[in-house]
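Listed below are the residues making up each chain.
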Amino acid sequence: MSEQELQALRVRIDNLDERILELISDRARCAEEVARVKMKELKEGESPVFYRPEREAQVLKRVMERNQGPLGNEEMARLFREIMSSCLALENPLKVAYLGPEGTFSQAAAMKHFGHAVISVPMAAIDEVFREVAAGAVNFGVVPVENSTEGAINHTLDSFLEHDMVICGEVELRIHHHLLVGETTKTDKITRIYSHAQSLAQCRKWLDAHYPNVERVAVSSNADAAKRVKSEWNSAAIAGDMAANLYGLTKLAEKIEDRPDNSTRFLIIGSQEVPPTGDDKTSIIVSMRNKPGALHELLVPFHNNGIDLTRIETRPSRSGKWTYVFFIDFVGHHRDPLIKDVLEKLAQEAVALKVLGSYPKAVL
């Protein structure tokens, strides 16, 4: 390509950048106007609702449906996610709690779902995330609920039994683990490897093959593991890209998870109910009477109505020894007539039934 052709393309790119800048500014001004209208229409004692999960999910899906390339659908949606995040911050910056410290996969999930313009608040434990949301100290919380390799996150399920929270959304995150070391680490003398218990389990086979005699130390989070390695010459950490960048660590080995499709699903918890989008999930907790055929009675209404179950988990009930509650996710919104019918039939057989929330399926 000649220099003249290159120069013509650069001029075209500059012109496009100017148009993009102008359009983004127009969108931001619209967001400010939306905030003004919402505040004007408020009744006395009401609080404005700036973040609408169903609206954002619909916008991102439309972006992916209309995208004609060459950028991929997810990459295009991520760009729009950041534009929407910055525009929303003009209306009202969201405060989002997550399982900290900084650099965890929970923080990465929060950024993926809300964008980088939110105020992210690290918490020391999953239960603390629930308490912050319940107290109104933050707008939303992000908590892990299941991993494709290791299954359910029991601390999160138990927290739903103790707190009245509404599930407002979900986000799926591909989990890539790296073996990280610090500047002072003597890589031939590593005697311990730090990580969260779930991450150690997700890398078990790789560790057995490469570091069979090295002590594996479970800590509160992968980010905590990365922090510890900074000050120790004989240790390494298993963590992700965010922790590696945040704490200035070097990747001794990359993508050491045993399964290449390793993913974790996170839930967005808040206090506002989400209207239907046409592509939703619902999560419920059900407690059944302890009798033969209880599980069958629980599942029959779903089967008879053709409802797709996406997950079912069992946890010990707080009400008595050897009694259990079921956590169930299924396709549909609790306002849908078919789902309403299922829930009514369940309520007739169950000791207790609680709808945790209906929310858009993960877009990104």
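None of these values were measured; they are calculated from a predicted model.

Analysis parameters
- Residues numbered from 1 in each chain as written.
- Predicted model: local features only at pLDDT ≥ 70, side-chain atom pairs only at ≥ 80, totals over all residues.
- Heavy atoms only, no water.
- Buried < 20%, exposed > 50% of the residue type's maximum accessible area, 1.4 Å probe, protein only.
- Helix = DSSP H or I, 4+ residues; strand = E, 2+ residues; numbered from the N terminus.
- Pairing = 2+ DSSP bridges.
- UniProt positions renumbered as here; feature names shortened; annotations may be inferred.
- Contact = heavy atoms within 4.5 Å.
- Polar contact = N/O pair within 3.5 Å; in protein donor to acceptor, adjacent residues only side chain to side chain.
- Axes fitted to C-alpha atoms, helices over the stretch in contact; angles between N-to-C directions.

With respect to burial, strand 11 (residues 263-270) is a largely interior element, 8 of its 8 residues being buried. Here 8 bridges tie strand 5 (residues 166-174) to strand 11, and the two strands are oriented antiparallel to one another. Note that in strand 11 the partner of Gly 169 across the bridge is Ile 268.

The sites that carry the UniProt feature "site: Essential for prephenate dehydratase activity" (unreviewed entry) are, in the present numbering, Thr 264. Beyond its immediate sequence surroundings of up to four residues, Thr 264 is in contact with Pro 144, Glu 146, Asn 147, Val 171, Glu 172, Leu 173 and Ile 175. Within the local environment of Thr 264, its side chain forms a polar contact with the side chain of Asn 147, the two groups lying 2.9 Å apart.

Spatially, the 4 strands line up as an open sheet ordered 13-14-12-15, and their pairing is antiparallel. Where the open sheet ends on each side, the last strands, each with one partner, are strand 13 (309-316) and strand 15 (350-360). Adjacent strand axes in the sheet meet at a mean angle of 15° when their direction is disregarded. Looking at chain direction, strand 12 (residues 280-288) and strand 14 (residues 324-331) are connected through 7 bridges and run antiparallel. Bridge pairing in strand 14 links Ser 287 to Val 325. Here helix 12 (residues 337-349) sits on the sheet in contact with strand 12, strand 14 and strand 15, set at roughly 155° to strand 15.

As summarised here, the arrangement of the 5 strands in space is 8-7-9-6-10, forming an open sheet in which the pairing is mixed. Edge positions in the sheet fall to strand 8 (215-219) and strand 10 (250-253), since each has one partner strand and no second. Sheet twist, expressed as the average angle between the axes of neighbouring strands with direction ignored, equals 35°. Of the strands in this sheet, strand 6 (178-181), strand 7 (192-196), strand 8 and strand 9 (235-239) are in contact with helix 9 (residues 222-229), which crosses strand 9 at around 155°.

Attention now goes to the environment of Asn 92. For Asn 92, the location among the structural elements is in the loop between helix 3 (73-91) and strand 1 (95-99). Put simply, Asn 92 and Tyr 324 are 232 residues apart on the chain and 41 Å apart in space, counted from C-alpha to C-alpha.

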